[in-house]
Amino acid sequence: MRRLFPVTDETAARASGGSAGEGGGGAAGGALAPGGSGGFPGGDLVDREWSLAELGLAYAYPEPGPGEPQPWLRANMVSTLDGAAQHDGRSQPISTATDMRIFGTLRALADVVIVGAETVRQEGYRPARARAEFAEAREAAGQGPAPAIAVISASLDLDFGLPLFTSPSVPTLILTGAAAAPDRMAAAEKAGARVVIAGDGVGVDPVRVVQALAELGHTRLLTEGGPRLLGQLVASGVLDELCLTISPMLTAGDAQRIAGGPAVAVPKRFELVSLLEEEGFLFSRYRRT
């Protein structure tokens, strides 16, 4: 993996073997072959596997300011060159091993992982697992051993016999509206899930989802989609950051984009924070301006 655009001064210095003042914190990094050098700041960046500790620093959540911690919602998605977020209904075929390492790192940094019910059904979601490599950092940050999974569902049409509900290390959350079917809410709670109301109707209000999770002490938020949920989060203006893997593949077909639903009135502008590359896969990170 190569750093094409700075992550932080510290990770740039670590990747180049120099100090933070040796070109690692500029506005552009070097897109270099192993052992090469170029006309960009931060030269001599080798193509190598980043450690989990380095990935953890590169993708760290913003440090909280004074007062009550404010929620920060990031999304992690993958897209082909022609905009497909899935192939045959799943994201795995367009992913890569490094993408999955980043996927695991982002989970290990989060308090809670937000996911839509359709994605749970299609991807066969399982509980997030505790990662020994991140145990010390999570304890220092006041987090439990693993993030909770929060499922967004209006109908609560879910298989409560799945491991996501029967054997999570922390209880799975289900966020739904106040008008959801009482029998389905009761079935969810009987299965061990915690039902959280985040809307006045059948479905949820994305703003209230973020507020409800923050009230439960979850401020480091991560969503893994799917596209319908991400579109709702974008439209409501609650998304702070997008971690997007660009897969060097072309699929054609009619696969969904990473975000679906109605268009926003004015396109949202995000700024590039970091960019990594490995074997043609680009691992980008954007924050809203």
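Residues numbered from 1 in each chain as written. Predicted model: local features only at pLDDT ≥ 70, side-chain atom pairs only at ≥ 80, totals over all residues. Heavy atoms only, no water.

S.K.: I'd like a rundown of the sheet that holds strand β3 (residues 112-116), residues and numbers included.
M.R.: Reading across the sheet, the ten strands line up as β1-β9-β10-β8-β2-β7-β3-β4-β5-β6 and stay open at both edges, with mixed pairing between neighbours. This sheet does not close on itself; its edge strands, each paired only once, are β1 (2-5) and β6 (194-197). For this sheet, the mean inter-axis angle between neighbouring strands, taken without regard to orientation, is 25°. Pairing of strand β9 (residues 270-278) with strand β10 (residues 281-288), which is carried by eight bridges, proceeds in the antiparallel orientation. Within β10, the position partnered with E278 by the bridge is F281. Of the strands in this sheet, β2 (72-80), β3, β4 (148-152), β5 (173-176), β6 and β7 (220-223) touch helix α8 (residues 206-215), which is tilted by about 145° from β5. (Pairing = 2+ DSSP bridges. Helix = DSSP H or I, 4+ residues; strand = E, 2+ residues; numbered from the N terminus. Axes fitted to C-alpha atoms, helices over the stretch in contact; angles between N-to-C directions. Contact = heavy atoms within 4.5 Å.)

S.K.: Now, about the side chain of T245: what can you tell me, with residues and values included?
M.R.: Note on placement: T245 falls in strand β8 (residues 241-247). Overall, the relative accessible area of 2% leaves T245 in the buried class. Once residues within four sequence positions are removed from consideration, T245 is found in contact with M77, V78, S79, D99, F281, L282 and F283. (Buried < 20%, exposed > 50% of the residue type's maximum accessible area, 1.4 Å probe, protein only.)

S.K.: So what's going on with the confidence of the model for the protein chain? Which residues, and what values?
M.R.: Regions with low pLDDT carry predicted coordinates that are not meant to be interpreted in detail. Counting all residues, the mean pLDDT for the protein chain is 85, and 87% of those residues have values of 70 or more. Predicted confidence in the protein chain is weakest over helix α1 (residues 9-16), with a mean pLDDT of 48, and strongest over β7, with 98. Confidence drops under pLDDT 50 across residues 18-44; counting only partners more than four residues distant or on other chains, this segment forms 50 contacts. (pLDDT = per-residue confidence, 0-100.)

S.K.: Explain the pairing of β10 to me, and be specific about the residues and the numbers.
M.R.: Sheet topology places β8 next to β10; six bridges connect them, and they run antiparallel. Bridge pairing in β10 links I246 to L282. Between β9 and β10, which pair antiparallel in sequence order, lie two residues; one of them, E279, sits at a positive phi of approximately 50°.

S.K.: An account of the packing of aromatic side chains is needed here, citing residue identities and associated values.
M.R.: Evaluation of the coordinates by the stated rule reveals two aromatic pairs. When the centroid spacing of 5.1 Å and the interplanar angle of 80° are considered together, the rings of F160 and F165 count as edge-to-face. Here F165 falls in the buried class, since its relative accessible area comes to 3%. Plain terms: the ring middles of F281 and F283 are 6.5 Å apart, the flat faces sit at 15° to each other, and that makes the pair stacked. Neither F281 nor F283 differs from the other in exposure class; each is buried. Over the ring of Y61 we find R74; its NZ or CZ atom is 4.1 Å from the centre of that ring. (Phe/Tyr/Trp six-rings, centres within 6.5 Å; stacked < 30°, edge-to-face > 60°. Lys NZ or Arg CZ within 6 Å of the ring centre and 35° of its normal.)

S.K.: Pulling in residues and values, what's your account of the pattern of salt bridges?
M.R.: As enumerated under the stated definition, the model contains eleven salt bridges in all. Among the salt bridges present, the one from R2 reaches E277, with a minimum N-O distance of 2.7 Å. With a gap of 275 residues between them, R2 in strand β1 and E277 in strand β9 connect regions that are remote in the sequence. With respect to class, R2 is no different from E277; both count as buried. Among the ionic pairs, R74 bridges to E241, the shortest N-O distance being 3.0 Å. (Salt bridge = Lys/Arg side-chain N within 4 Å of Asp/Glu carboxyl O.)

S.K.: Give me the lowdown on the nonpolar core, citing residues and values where you can.
M.R.: Within the largest apolar cluster, 37 residues are counted, with the highest numbers of intra-cluster contacts made by Y59, V151, L158 and I174. Looking at this core, the elements with two or more residues in it are α2 (52-58), α3 (97-109), β3, α4 (117-123), β4, α6 (163-166), α7 (182-190) and β10. Counting residues per element, this core draws most heavily on α3, at four residues. Those residues in contact with Y59 that sit more than four places away from it in its chain are R74, I102, L106, L109, C243, L276, F283 and R285. Within the second largest apolar cluster, 26 residues are counted, among which are A150, V196, L230 and L239. (Core = buried A, V, L, I, M, F, W, Y, C linked by side-chain atoms within 4.5 Å.)

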